[in-house]
Structure formats: C-alpha cells, structure tokens
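# Commentary on secondary and tertiary structure
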Amino acid sequence: MTQTLWINGKQQTQIDVRDRGFAYGDGLFETIQISHGKSQFMARHIARMRSGAVRLGFDVSVVDQLLEDLAEVNLPDDGVLKLTLSRGVGGRGYGYATDMGATRVIMLGPKPAYGNQAEEGITLRVCDTRLGVNPTLAGIKHLNRLEQVLARNEWSDPAINEGVVLDYEGFVVEGTMSNLFWVKDGIIYTPSLERCGVAGVVRDFLIEKFSADGHSVEVGLYPLADVISADEIFVCNSLIDIWPVKQLDSNYYALGPVAKAAGKYLGEEYLA
C-alpha cells in the first residue's frame, strides 16, 4: 500500500509553502490505526483534535469539514490514517487573520512493520533531550514536534526501541512517540500531562478501563527513580498498541500481567 493524500478535499500532493503549518508548525494532527476496515478510537481522536482547535483558536467547524472530506475516502482493511489541520496560507509574521481558511490534509499509508515487540518486550533508554513546561500546549497533538525529533535521534542502535523523556524539572513525561505506564506494589502509575507531553487516546482509554476494573491508578509528577524501581513497565500509542518493557538502560523487567491486561482491553475494543 502506497501513501495517498487528499488536500482540502482533492487528491493531490502539494501544499503552498506559505502555509502556516509549514512555516510555524501552526496546526494539529491525529494518527489513527485502521484495523479490519475500522478507524480505531476515531471518536477520541476527533475529540482531541477539537480540543486542540479550541486551544489554538481555530474555527472548530474546520474539524467538521475535515470529516466531510474523510467521508469521501475509501478506507483500506488495514493501514494508517493521518488527519492534519493547519491554520492555512498566511502572510509573513506570527500574526494571523481570523478569516483565513484552514488547510485540511488526509493521508493514508501502510502500517509500520514493528516486529515482535508486543510479545518479546522492548528496550528503553533515557533521553538527554528535555521537554519544556508549557501548559498552554500540553496534551494536544500540535504540529511542532521538534523536541521529539531531537530526542528520537539521540540513538541509532536498532536494539533500542524507544526513549523516555523527562521535563526540565526532572519529572518523567512520556516516550518519544508513546505514553508510559509502570506498576509498583499493585498500583498503576502514569505521568501527568498537564504541563507538557501528549495525552494519548490509548493512554486515556487504559486509565478508564483500569479504573473501571478496580485497579488503583495514580496520575502525577514522578522522578525517573520511580520508573526504574517499578515491577513492570509498558508503553502505548495508537499504532503500536502495547509494548511491554524488558529493559530500561541497565535495568531489567519481567513482562507482567498488567501489560497483558492492557493488550486484552485493546483487543476487545478493536473487535467490538
């Protein structure tokens, strides 16, 4: 399956270089797994995009326009759907006109070939790159991913699958492309994302499912030492689903039951 693009409802591949998404990262995106012909967690992805549009001062009706564009697209049985909104074409400078027309992009492509990480577990490293604390942008999936780009390119060893990123105060935030959970003494922990980081739709789903099933789930600010001392660690996102962690730097972990339960939750959701 090759990548296919629709821009503002038309199948094409070019965007004006004056577009503010290109010039300033002024926009939002969602990356959605297509499985068995169904867009997984679509309602959650669109809710996050709407929330991000409000935060950035977009006219939220552009999200509806994007969904109208999508209704004309035939989805494959399996693949990756990426939805992008930018502020649109504007003049020079950071200021923007309130009547600008947003740019709407739909991209379909194949699923990445990740291998057996879900069964065998992955290796994490701690990144040197730190995330800036900015509650105004925290949680949303805006187009400026430079911090993640820098963090991910700290290593080239194929044996390392993901990196853990901290903020400038030393608190654990997330992976470079994933959200982070760990278990200690029967309690499930995940970092707060009210100061920085991306509030993943799978993360939010798992918090709800774990809590509904009676698990103790704690969300807060935690130092790296808390993660290192965990009994079990796993990461998640909309494409990888659940990856249990077998190694974090020089520390080793068993593939535990909570990650298996998380994978079961997702499997049941996808087959519903």
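Just above, that's the structure.
The structure contained in this document is the topic of the report that follows. (Residues numbered from 1 in each chain as written. Predicted model: local features only at pLDDT ≥ 70, side-chain atom pairs only at ≥ 80, totals over all residues. Heavy atoms only, no water.)

### What about the overall build of the chain?
Definition in use: Counting from the N terminus, the helices are the DSSP runs of H or I reaching at least four residues and the strands are the DSSP runs of E reaching at least two. The globule rule is 2.2 Å times the number of residues to the power 0.38, and the radius of gyration it is compared with is taken over C-alpha atoms. Under the scheme applied here, a residue whose accessible area is under 20% of the maximum for its type counts as buried, over 50% as exposed, and between as partly exposed, the area being computed with a 1.4 Å probe on protein chains only. Any two residues whose heavy atoms approach within 4.5 Å at even a single point are treated as in contact. Calculation of accessible area relied on Shrake-Rupley with a 1.4 Å probe; when residues are assessed, cover is drawn exclusively from the protein chains displayed. Charge counting follows a simple rule: Lys and Arg are positive, Asp and Glu are negative, and His as well as the terminal groups are ignored. In plain terms, the charge of a residue is placed at NZ if it is Lys, CZ if Arg, CG if Asp and CD if Glu.
When its secondary structure is counted, the chain shows eight helices and 15 strands. For 272 residues, the compact-globule estimate of 2.2 N^0.38 gives 19 Å, and the chain sits close to it at 19 Å. Along the longest, intermediate and shortest principal axes, the C-alpha atoms of the chain span 55 × 40 × 35 Å. Relative to its 272 residues, the chain shows a buried fraction of 51%. Partitioning the contacts of the chain with sequence separation of at least 6, the portion at a separation of at least 24 is 72%. Surface summary for the chain: the accessible area is close to 13,200 Å², and the carbon and sulfur share equals 51%. Here the chain holds 25 positive side-chain charges and 35 negative ones, and the gap between their average locations is 4 Å.

### Things to note about empty space enclosed by the protein
For clarity, the cut-off: Think of a 1 Å grid over the protein atoms and nothing else: a 1.4 Å probe that fits but is trapped marks a cavity, an open set flanked by protein within 12 Å on at least five of seven lines marks a pocket, and residues with an atom within 4 Å of a point count as lining. Grid points are joined across faces, edges and corners, and a volume is the space filled by probe spheres set on the points. The nonpolar class holds Ala, Val, Leu, Ile, Met, Phe, Trp, Tyr, Cys and Pro. Asp, Glu, Lys and Arg form the charged class, and all remaining residues, Gly among them, are polar.
Applying the stated rule across the entire model yields one cavity of 30 Å³ or more. Across the lining of the largest cavity, the residue classes break down as six nonpolar, one polar and two charged.

### Regarding the layout of surface pockets
The volume enclosed by the largest pocket comes to roughly 1,100 Å³. Per-element tally for the lining of the largest pocket: the top contributor is strand β6 (residues 103-109), with five residues. Considering only residue class, the lining of the largest pocket consists of 18 nonpolar, 16 polar and eight charged.

### Quick word on the side chain of S39
Mapped onto the fold, S39 is located in strand β4 (residues 38-39). Here S39 falls in the buried class, since its relative accessible area comes to 13%. The residues touching S39, leaving out its near neighbours within four places in the chain, are I32, Q33, I34, L75 and L81.

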